[in-house]
Amino acid sequence: MTTTPDPAGPNTLRAPALDAVDRRIVQLLSADGRMTNAELANHLGVAPSTAHARLRALVERGVISGFHASVDERMLGSGLQAVIGVTLRPSGRRESIVEFADRVRVLPQVIQVFFLGGDDDFLLHIAVADSSEMREFVLEHLSAQASVASTRTSIVFDYHRNSVAASFR
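Residues numbered from 1 in each chain as written. Predicted model: local features only at pLDDT ≥ 70, side-chain atom pairs only at ≥ 80, totals over all residues. Heavy atoms only, no water.

Draft legend 1. Seen up close, the overall build of the protein chain. For the protein chain, the count of helices and strands is 5 helices and 6 strands. Reading the protein chain from its N terminus to its C terminus gives the helix and strand order β-β-α-α-α-β-α-β-β-α-β. Against the globule reference of 15 Å for 169 residues, the protein chain gives a C-alpha radius of gyration of 20 Å, more extended than a compact globule. Each principal axis of the C-alpha distribution contributes one length, and for the protein chain these read about 55 × 45 × 20 Å. Out of the 169 residues in the protein chain, the part that is buried amounts to 27%. By sequence separation, contacts in the protein chain at least 24 residues apart represent 62% of the contacts at least 6 residues apart. Taken as a whole, the protein chain presents about 11600 Å² of accessible surface, with 53% of it coming from carbon and sulfur. (Helix = DSSP H or I, 4+ residues; strand = E, 2+ residues; numbered from the N terminus. Rg over C-alpha atoms; globule rule 2.2 N^0.38 Å. Buried < 20%, exposed > 50% of the residue type's maximum accessible area, 1.4 Å probe, protein only. Contact = heavy atoms within 4.5 Å. Areas by Shrake-Rupley, 256 points an atom, 1.4 Å probe, with all protein chains shown as cover.)

Printed below as a string of structure tokens:
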């Protein structure tokens, strides 16, 4: 992906310019990632070859980074979801941040990991079977880590997702 250096700094990427057709492709595929190329072209009012070329360009430019399935965790036996705020101890911050993120990212209960600025260092979105599994997750995978100062668990009753965002990595 070619990007223009941003005056805000060397690690900042400037968003590629998107015209109305590109924006509509992103909108349509965010709502239905399984839409066929013919359906996409029909919604856009363009030839299928044009829709395909535009979509391919969005993928190559990194605007669209993947296609994902939306999974009902309840159907997998993990009907209890929570968002857990995690605060790390102040000593050895950089090393503990990287180590903590690498350790929790691979746990099967973890749906999403957010690294934050603010009161919490991380927010974890997890799905487990029941409250005893939630307790075990917090005790075994979070509180047991020497770098963790505190956790704050909030049960998710319901949520709405507008889109799936790509990782910053």
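Draft legend 2. Layout of the packing of helix H1 (residues 20-31) against helix H3 (residues 48-60). Between H1 and H3, whose axes approach to 10 Å, the crossing angle comes to 85°. Classified by the angle between their axes, H1 and H3 sit roughly perpendicular to one another. On the side of H1, the interface is formed by Val21, Asp22, Ile25, Val26 and Leu29, while H3 contributes Arg54, Leu55 and Leu58. (Axes fitted to C-alpha atoms, helices over the stretch in contact; angles between N-to-C directions. Parallel < 35°, antiparallel > 145°, perpendicular 65-115°, else oblique.)

Draft legend 3. Expanded view of the pattern of salt bridges. All chains considered together, the criterion is met by 7 salt bridges. Between Arg152 and Asp120 there is a salt bridge whose closest N-O contact spans 2.1 Å. One end of the pair, Arg152, is in strand E6 (residues 148-156); the other, Asp120, is in the loop between strand E4 (110-115) and strand E5 (122-128), and 32 residues separate them in sequence. Its relative accessible area of 47% is what places Arg152 among the partly exposed residues. Taking relative accessible area as the criterion, Asp120 reaches 11% and is therefore assigned buried. Where salt bridges share partners, they join Asp19, Asp22, Arg54 and Arg61 into one cluster. (Salt bridge = Lys/Arg side-chain N within 4 Å of Asp/Glu carboxyl O.)

Draft legend 4. Up close: the packing of aromatic side chains. Counted under the stated rule, the structure contains 2 aromatic pairs. Summarising the aromatic geometry, the rings of Phe100 and Phe122 are spaced 4.8 Å apart at their centres and angled 45° between planes, so their arrangement reads as tilted. In this pair, Phe100 is assigned in helix H4 (residues 93-105) and Phe122 in strand E5, connecting sequence segments 22 residues apart. There is no split in this pair, since Phe100 and Phe122 are both buried. Arranged with centres 5.2 Å apart and planes meeting at 35°, the rings of Phe115 and Phe122 form a pair that is tilted. According to the relative accessible area criterion, Phe115 is exposed, its value standing at 53%. (Phe/Tyr/Trp six-rings, centres within 6.5 Å; stacked < 30°, edge-to-face > 60°.)

Draft legend 5. Here's a closer look at the pairing of E4. In the sheet, E4 pairs with E5 via 5 bridges, with the strands oriented antiparallel. Opposite Val110, over in E5, you have Ile126 as the bridge partner. Linkage of E4 to E5, two consecutive antiparallel strands, is achieved through a turn of 6 residues, within which Gly118 is found at a positive phi near 135°. (Pairing = 2+ DSSP bridges.)

Draft legend 6. Summary view of the layout of surface pockets. Of the volumes computed, that of the largest pocket is approximately 1300 Å³. For the lining of the largest pocket, the secondary-structure elements that each account for two or more residues are H4, E4 and E5. For the lining of the largest pocket, the element with the highest residue contribution is E4, accounting for 6 residues. Its residues assigned to classes, the lining of the largest pocket comprises 21 nonpolar, 7 polar and 4 charged. (1 Å grid on protein atoms, 1.4 Å probe; cavity = no way out; pocket = protein on both sides within 12 Å on 5 of 7 lines; lining within 4 Å. Points joined across faces, edges and corners; volume = space filled by probe spheres on them. Nonpolar A, V, L, I, M, F, W, Y, C, P; charged D, E, K, R; others polar.)

Draft legend 7. Examining the sheet that holds strand E3 (residues 80-88) more closely. Spatial strand order, E4-E5-E3-E6: 4 strands in an open sheet with antiparallel pairing. Two strands close off the open sheet at either side, each with one partner strand: E4 and E6. Adjacent strand axes in the sheet meet at a mean angle of 20°, parallel and antiparallel pairs treated alike. Direction of pairing for E3 relative to E6: antiparallel, over a ladder of 8 bridges. Bridging from a neighbouring strand, Gln81 pairs with Val156 of E6.

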